[in-house]
Amino acid sequence: MKKKILIHSNHSRARTGFGKHMKHLLTYLYKTGKYEVVEFSNGKQWNDQALQTMPWKAIGSLPHESHLIQEIKSDQKKTRDANYGHYKIDDVIQQEKPDIYLGIEDIWGLEPFMKKPWWKKINSMIWTPVDSLPLLDKHTDAARNTQNVIVQASFAQKALSSQGFENVHLFPVPLDPTNFHKLSDNEREAIRIRNNISPDDFIIGFVFRNQLRKSVPNLLDGFKSFIEKNPDSKAKLLLHTHWGEGWDISRFIKEKNIDPSLVITTYFCDQCKNYEIKPFSGQNLDCRFCGSKGSQQTAQISRGVSENQLNEIYNIMDVYCHPFTSGGQEIPIQEAKLTELITLVTNYSCGEDYCTNESGGLPLKWTEYREPGTQFIKASTDSSNIASQIEKVYKMSKSKKASMGKKARDFVIDFCSIESVCSKFESLIDSLEPTGWDFDFSYVQKDDKYAPPNIEDDREWVIDLYKNILKRDAELEDPNGIAHWVHRLKKDLNRQDVYNFFIKTAQKDNAENNKIPFEDILDKDDEGLRILFCLPENEIDIFNSTSLLESIKNRYPEHNIYYATKKEYFDILHGNPYVHKVVEYNDVMENPSWSEGHLGHNGFFDFCLRPHSNTHMTKNFQHGGKHNIEYDLSYA
């Protein structure tokens, strides 16, 4: 029986770092033939037909249910949660019953899953970037509550290991070495000439998303110092990024009095898909290759060069410089190394792995500053050191450059290639036992009447509360919780306080999980012949609205009228002969997509009436448009 591995991250065809990670890992595991792999794709809807074309099973993590879609649209936090797969994670676990769950995401996207009942019943693991010190509690909690934690940089592994965690593995994001390689001198010269770059120009390159953590001001200062000290270098700074977000690079160039012709960038044409390297002169430029008007923009994540074209752009460069405040892995550094460029990298965070002599790199010095809120250590890269390290490469012999460049490529193949990384991951999953859990997701009723025995030891007493009130194996599922309550008993709480908290938690859990699904409230024999009348409040409006119900019932005698209002107003409608059933009001009922259905989704009601005027609320009685509603006010 093959082990089933559920891998959850960006869709494997997305042009993102996580997307590439998924693509390489899934392809490797699928080709072994040893496993049943399932992709759980953020950014794709659960039933997205395009996912059927994948070689392995793929399921979207976004809800397809119309009422959930509307709920998500109404709240920014819910939108973010949905994009991380929070709405459908339990469904996919229950449906697929994996032996192994692997989440590849930032820690805040994965954190809620660690409290799920299935988390420790299957082989759950996370592969997450850690970019700064000190570690967040989220990271240490994850290491404590997850069987295997995978990080992308050695500084993160060392930080977690120093706290006693032995379940932390160092696997960088896997890269395909065939996508990036050094071109011949003739090919490189031809690419330069095509982009109006002289063969003897000294090109310093930086490939990056234009985020504030990328140290563009420091790099510009370092570049200026270098060209002032080396006026005959014919140096240019190539910034492959989108100038329409993040740093206002043009303003910096002007402020620092740098000749703008010396700072070049990549333009990409949406029409012919060609790129052009030239000084920045705005967006929506005309393309010199195909003649399209306004089709050129600076490179972006969603619209930009292919990997083959990016390989050419790296080959234009003489040295690669990557100053930053922190980062999880910074894949452009490895791509540059694969083209045999010497890389100058800030010697902090993941940069520590790529600025060593063994990696074919040179370190950039930095000074510490702290990020407000998180208190993270961040690096401000020394601009004078940027200048001196660029000068070191500029004056380096051709043979020394070639030797370091070869070393850089070999390092990435050994440390970051698909074969190197994925074979280690393969060994890890082979060491795990298949899941023995029956995937029973039924709710376990909490015991809010339990009276604990007299147990002298505080820790054992707390464990007993977990086991018999909350029905949880706390030693397995929540060791932090045990330690917390034992500490509070010693510090500021007595046993009655703790017991009361557990009882209230049990009551709250039971109330939330014993809710009847809305469809179960509806009568089965009136399906398709229901009217929903929504009026959440207040007493006067609800009382006045009852004068309309006889008219509605006479107009639609075959329909049952369901009246939705807040619970405190149920009594007003008690015994009304025209109301079939009173139901508790929810905001989602105001949405025709939920109540009446749309785009092939059947709603719960034939139509819905939503009072908005002549009441204390707003403007008038409206509905989703299925019927022309008529009222006979003679009944009033």
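Before going into details, it helps to say that this report is about the structure given with it. Residue positions are counted from 1 within each chain, in the order its sequence is given. In keeping with the model being predicted, local features are shown solely for residues with a pLDDT of at least 70 and side-chain atom pairs are shown and tallied solely at 80 or more, while totals for entire chains, interfaces and linings include all residues. The side-chain figures draw on all heavy atoms in the structure; neither hydrogens nor water molecules are used.

1. A few points about the packing of aromatic side chains
For Phe, Tyr and Trp, where Trp contributes only its six-membered ring, two rings pair if their centres lie within 6.5 Å, and the inter-plane angle classes them as stacked under 30 degrees, edge-to-face over 60, or tilted in between. What the rule picks out here adds up to 33 aromatic pairs. Aromatic side chains Tyr-354 and Phe-411 sit 6.1 Å apart centroid to centroid with 85° between the ring planes, which places their arrangement in the edge-to-face category. Within this pair, whereas Tyr-354 is found in the loop between β14 (343-346) and β15 (361-364), its partner Phe-411 is found in helix α14 (residues 398-416), the two being separated by 57 residues in sequence. Residue exposure (1.4 Å probe, protein chains only): buried if accessible area is under 20% of the type maximum, exposed if over 50%, otherwise partly exposed. Judged by relative accessible area, which is 19%, Phe-411 ranks as buried. Each ring is checked for a lysine NZ or an arginine CZ that lies within 6 Å of its centre and within 35 degrees of its normal; such an atom marks a charge sitting over the ring. Between the NZ or CZ atom of Lys-88 and the centre of the ring of Trp-46, over which it lies, the distance is 4.5 Å. Counting from the N terminus, the helices are the DSSP runs of H or I reaching at least four residues and the strands are the DSSP runs of E reaching at least two.

2. Here we look at the packing of helix α8 (residues 185-194) against helix α11 (residues 307-316)
Fitting a line to C-alpha atoms yields each axis, with helices limited to the stretch in contact; the angle taken between N-to-C directions then spans 0 to 180 degrees. Following both chains from N to C, one finds α8 and α11 inclined at 95°, their axes separated by 9 Å at the closest point. Here α8 is positioned roughly perpendicular relative to α11, judged by the angle of their axes. Packed against α8, whose contacting residues are Arg-188, Ile-191, Arg-192 and Arg-194, the element α11 presents Glu-312, Asn-315 and Ile-316 at the interface. For the contact of α8 with α11, the class distribution of residues is two nonpolar, one polar and four charged. Under this scheme an angle from 65 to 115 degrees is roughly perpendicular, one under 35 degrees roughly parallel, and one over 145 degrees roughly antiparallel; angles in between are oblique. Contact criterion: two residues are considered in contact whenever any of their non-hydrogen atoms come within 4.5 Å of each other. We call Asp, Glu, Lys and Arg charged. Ala, Val, Leu, Ile, Met, Phe, Trp, Tyr, Cys and Pro are nonpolar, and the rest, Gly among them, are polar.

3. Comments concerning the environment of Ile-191
With respect to the secondary-structure elements, Ile-191 resides in helix α8. Placed 130 residues apart in sequence, Ile-191 and Ser-61 show a C-alpha to C-alpha distance of 42 Å. In this structure, Ile-191 is in contact with Leu-183, Tyr-275, Glu-312 and Ile-316, ignoring residues within four places of it in sequence.

4. Quick word on the pairing of strand β4 (residues 100-104)
Among the five residues in β4, five count as buried, and that is most of the element. At least two DSSP bridges between two strands are required for those strands to pair. Strand direction decides the pairing type here: β4 and strand β5 (residues 123-127), joined by five bridges, are parallel. Within the sheet, the bridge partner assigned to Ile-100 lies in β5 and is Asn-123.

5. Some thoughts on the environment of Asp-438
Take Asp-438: it is sitting in the loop between α15 (418-430) and α16 (458-468). When its relative accessible area of 55% is taken as the criterion, Asp-438 is described as exposed. A distance of 3.4 Å separates polar atoms of two side chains, one belonging to Asp-438 and the other to Trp-437. In the analysis that follows, any N or O atom pair within 3.5 Å is treated as a polar contact, provided that within protein one partner can donate a hydrogen and the other can accept it, and provided that, for residues neighboring in sequence, both atoms belong to side chains. For Asp-438, the side chain forms a polar contact with the main-chain nitrogen of Asp-440, separated by 3.1 Å.

6. Notes on the nonpolar core
Tyr-101 and Ile-204 are the most contacted members of the largest nonpolar core, which totals 97 residues. Setting aside anything within four residues of it in sequence, one finds Ile-204 in contact with Phe-223, Phe-226, Ala-235, Lys-236, Leu-237, Leu-238, Val-319, Cys-321 and Ile-390. To define a nonpolar core, start from buried Ala, Val, Leu, Ile, Met, Phe, Trp, Tyr and Cys residues and group those joined through side-chain atoms within 4.5 Å.

7. Examining the pairing of strand β3 (residues 57-62)
Burial runs high along β3: five of the six residues are buried. Where strand β2 (residues 35-45) and β3 come together, five bridges link them in parallel fashion. Each bridged residue has a counterpart across the sheet, and for Gln-45 the counterpart in β3 is Leu-62.

8. Observations regarding unusual backbone geometry
Here Leu-133 and Pro-134 are connected by a cis peptide whose omega angle stands at -5°. The topology assignment puts Pro-134 in the loop between β5 and α6 (137-145). Here Glu-537 and Asn-538 are connected by a cis peptide whose omega angle stands at 5°. Here Asn-538 is to be found in the loop between β18 (530-534) and α21 (539-555). Positive phi, normally seen in glycine, also occurs at Lys-234, with a value near 55°. In this fold, Lys-234 is placed in the loop between α9 (216-229) and β9 (235-240).

9. Looking at helix α18 (residues 479-491)
Multiplying 1.5 Å by the residue count of a helix minus one yields the expected span of that helix. Between its first and last C-alpha atoms α18 spans 18 Å; for 13 residues at 1.5 Å apiece the expected length is 18 Å, and the two agree. Buried residues along α18 sit against α16, α17 (474-477) and α19 (495-513).

10. Focus: the pattern of salt bridges
Any carboxyl oxygen of Asp or Glu that lies within 4 Å of a side-chain nitrogen of Lys or Arg is treated as forming a salt bridge with it. In this structure the tally under the stated criterion is 40 salt bridges. With a shortest N-O distance of 3.1 Å, Glu-312 and Arg-194 are connected by a salt bridge. Placement of Glu-312 in helix α11 and of Arg-194 in helix α8 is noted, with a sequence separation of 118 residues between them. One salt bridge connects Lys-234 with Asp-201, and the closest N-O pair in it is separated by 3.7 Å. With Lys-234 in the loop between α9 and β9 and Asp-201 in the loop between α8 and β8 (202-207), this residue pair connects regions lying 33 residues apart in the sequence.

11. Looking at helix α4 (residues 89-96)
Turning to α4, its buried residues number three or more, namely Ile-89, Val-92, Ile-93 and Glu-96. Take α4 and look down its axis: the buried residues cluster within an arc of 100°, on one side only. Next to the buried residues of α4 lie β1 (3-10), β2, β3 and β4. Note on α4: the residue one or two positions beyond its end, Lys-97, has a positive phi of about 50°. In this description, one arc is meant: the one made by directions from the helix axis to the C-beta atoms.

12. Thoughts on the sheet that holds strand β19 (residues 560-565)
Judged by pairing direction, the sheet is parallel, and its four strands sit side by side in the order β20-β19-β18-β23 without closing on themselves. In this open sheet, the two edge strands, each paired with only one partner strand, are β20 (581-584) and β23 (607-609). Along the sheet, successive strands turn relative to each other by an average axial angle of 25°, direction set aside. With five bridges connecting them, β18 and β19 associate as parallel partners. Within the sheet, the bridge partner assigned to Cys-534 lies in β19 and is Ala-564.

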